[in-house]
Amino acid sequence: MLDSDLFYIDTVKKYPDDHMQKIAVAKQEYDKNIRPELKAKLDNMDDYDTVIVAFPNWWTTMPMAMFTFFESYDFFGKIICPIVTHGGSGFSNSLRDISLLCPGAEIREGLAINGDDVQKCDKVLEKWAKKVHLL
Ligand SMILES: Cc1cc2nc3c(=O)[nH]c(=O)nc-3n(C[C@H](O)[C@H](O)[C@H](O)COP(=O)(O)O)c2cc1C
């Protein structure tokens, strides 16, 4: 929909496929405020003035890997457009956490998509993209 570059935020350590095990690993990372190592780092973040970030809601905020991501760059003066997928809680604390991690960034109104609606969210995405002036 947008003429943008795509960067997949992925961790070095693979999460368990089993849902309950994944939940437990993620909870431990959250409780211990861990910063999971990411597979790659962008070396040209300075070239971007607008960053759309999409992540799932894990334990009332973003996966801790997103904390690693936000702490890896200087977002001062950049526009951040957040999208969360969730199981009922929307953004929870993630918008607050992005603000804390990205001083001086403009955080545009986010879009919350229920995990069950991900396959059918094209229209909602387009409407949101227009609303936050990405389209
Ligand atoms: C470890 C973990 C923790 C989660 N915690 C929450 C939560 O606190 N609130 C919520 O609404 N959904 C929570 N969910 C549900 C996910 O947000 C939802 O399944 C996801 O956005 C759908 O994307 P997916 O198919 O990539 O998992 C959690 C899911 C996982 C795996």
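Residues numbered from 1 in each chain as written. Predicted model: local features only at pLDDT ≥ 70, side-chain atom pairs only at ≥ 80, totals over all residues.

Helix and strand counts for the protein chain stand at four helices and four strands. Helices and strands in the protein chain line up, N terminus first, as α-β-α-β-α-β-β-α. Computed over the C-alpha atoms, the radius of gyration of the protein chain is 15 Å, within 12% of the 14 Å expected from 2.2 N^0.38 for a compact globule of 135 residues. Viewed in the frame of its principal axes, the protein chain has a C-alpha envelope of about 40 × 35 × 25 Å. Residue pairs in contact within the protein chain that sit at least 24 positions apart in sequence constitute 78% of those at least 6 positions apart. (Helix = DSSP H or I, 4+ residues; strand = E, 2+ residues; numbered from the N terminus. Rg over C-alpha atoms; globule rule 2.2 N^0.38 Å. Contact = placed C-beta atoms within 7 Å.)

With that settled, the discussion passes to the pairing of strand β2 (residues 79-86). Bridge analysis of strand β1 (residues 50-56) against β2 gives seven bridges, and the strand direction is parallel. By the bridge assignment for β2, A54 is matched with I83. Handedness of the crossover joining β1 and β2 through helix α2 (residues 64-71): right-handed. Direction of pairing for β2 relative to strand β4 (residues 111-114): parallel, over a ladder of four bridges. (Pairing = 2+ DSSP bridges. Right-handed = clockwise from strand over helix to strand, strands pointing away.)

A few words now on the site of the ligand. Around the ligand sit 14 residues, and of these P56, T85, G87, S89 and G115 come closest. Counting only elements with at least two residues in the shell around the ligand, the list comes to α1 (19-31) and β2. For the shell around the ligand, the leading source of residues is α1, giving three residues. Within the shell around the ligand, the residues separate by chemical class into five nonpolar, eight polar and one charged. (Near = placed C-beta within 6 Å. Nonpolar A, V, L, I, M, F, W, Y, C, P; charged D, E, K, R; others polar.)

Moving on, we get to the nonpolar core. The nonpolar side chains of a soluble globular protein tend to be buried with one another. Membership of the largest hydrophobic core is limited to eight residues, which are A26, W58, M62, M64, A65, M66, F67 and F69. Per-element accounting of this core gives the leading share, five residues, to α2. When neighbours within four sequence positions are excluded, M66 is seen to be in contact with I9 and F55. Core analysis: the next-biggest nonpolar cluster, separate from the first, contains seven residues, V51, V53, I98 and C102 among them. (Core = buried A, V, L, I, M, F, W, Y, C linked by C-beta atoms within 7 Å. Buried ≥ 20, exposed ≤ 12 C-beta atoms within 10 Å, placed from the backbone.)

With that settled, the discussion passes to unusual backbone geometry. The phi torsion at N33 lies on the positive side, around 55 degrees, for a residue other than glycine. In this structure, N33 sits in the loop between α1 and β1. Judged by the 8 C-beta atoms lying within 10 Å of it, N33 falls in the exposed class.

Turning our attention to helix α4 (residues 122-131). With respect to burial, α4 is a largely exposed element, only one of its 10 residues being buried. Residue H133 follows α4 closely and has a positive phi angle near 65 degrees.

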